[in-house]
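If you want the building blocks of each chain, they are given just below.
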Amino acid sequence: VQLQAFGGGLVQAGGSLRLSCLASGRTFSSRGMGWFRQAPGKEREFVATISWSGASTYYADSVKGRFTISRDNAENTVYLQMNSLKPEDTAVYYCAAGKSTYSSGMREEIGYGYWGQGTQVTVSS
């Protein structure tokens, strides 16, 4: 599975962005997907995950109610809609695909075997 994330950019606080992650490979629709982020000088952290079917989602407390993860298995794409952005959301955002098929609820990096290259999100105050 190869992943390509895009959609990042510069936005003012309170604004919105939608990140996309396009996957190649035949097993996308059977893998849980996740978004992580890494701010300067900090470790990479979990943001959101969605099960292989799209039926279940989980979010970090810091983004709950503001971010929405979704997927379109027909388009091999997972999305992260980010609303009410804050300066502390500034980071490089990475999408990741589950190491195993038919996985869900993965909030730790160890559950993911494939990573995209990252896309920069900068929120100005």
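Up top is the structure.
This one's a predicted model, so the numbers in the text were calculated from it and none came from an experiment. (Residues numbered from 1 in each chain as written. Predicted model: local features only at pLDDT ≥ 70, side-chain atom pairs only at ≥ 80, totals over all residues. Heavy atoms only, no water.)

A.B. asks: I'm lost on the nonpolar core in this one. Help?
C.D. replies: Generally speaking, soluble globular proteins have nonpolar side chains that are buried together. One finds Trp 35, Leu 80, Met 82 and Tyr 93 to be the most contacted residues of the largest nonpolar core, which totals 34 residues. At the level of secondary structure, the elements contributing two or more residues to this core comprise strand S1 (2-6), strand S3 (17-24), strand S4 (31-38), strand S5 (45-50), strand S7 (67-72), strand S8 (77-82), strand S9 (91-101) and strand S11 (119-124). No other element matches S9, which puts five residues into this core. Beyond its immediate stretch of four places on either side in the chain, Leu 80 contacts Leu 17, Arg 18, Leu 19, Trp 35, Val 47, Ala 48, Phe 67, Thr 68, Ile 69 and Tyr 93. (Core = buried A, V, L, I, M, F, W, Y, C linked by side-chain atoms within 4.5 Å. Buried < 20%, exposed > 50% of the residue type's maximum accessible area, 1.4 Å probe, protein only. Helix = DSSP H or I, 4+ residues; strand = E, 2+ residues; numbered from the N terminus. Contact = heavy atoms within 4.5 Å.)

A.B. asks: Sorry if this is basic, but what is going on with the packing of aromatic side chains here?
C.D. replies: Two numbers describe a pair of aromatic rings. These are the distance of the centres and the angle of the planes. Across all of its chains, the model carries five aromatic pairs by this definition. Three or more aromatic residues joined by ring pairs make a cluster, and in this case those are Phe 36, Phe 46, Tyr 112 and Trp 115. Directly above the aromatic system of Tyr 94 lies the positively charged group of Arg 44, at a separation of 4.9 Å from the ring centroid. One residue, Arg 44, lies across the ring of Trp 115, its end atom 3.9 Å from the ring centre. (Phe/Tyr/Trp six-rings, centres within 6.5 Å; stacked < 30°, edge-to-face > 60°. Lys NZ or Arg CZ within 6 Å of the ring centre and 35° of its normal.)

A.B. asks: Looking at this model, I keep getting lost on the pairing of S11. Mind explaining?
C.D. replies: Looking along a regular strand, one sees the side chains alternate between the two faces of the sheet. Where burial is concerned, the two faces of S11 differ: the one with Thr 119, Val 121 and Val 123 is buried and the one with Gln 120, Thr 122 and Ser 124 is not. Note that strand S2 (residues 9-12) and S11 share four bridges and pair parallel. Paired with Gly 9 across the bridge in S11 is Val 121. The pairing of S9 with S11 spans three bridges and is classified as antiparallel. Residue pairing across strands places Tyr 93 opposite Thr 119, the latter belonging to S11. (Pairing = 2+ DSSP bridges.)

In short, the description is geometric, and any link to function would need to be established separately.
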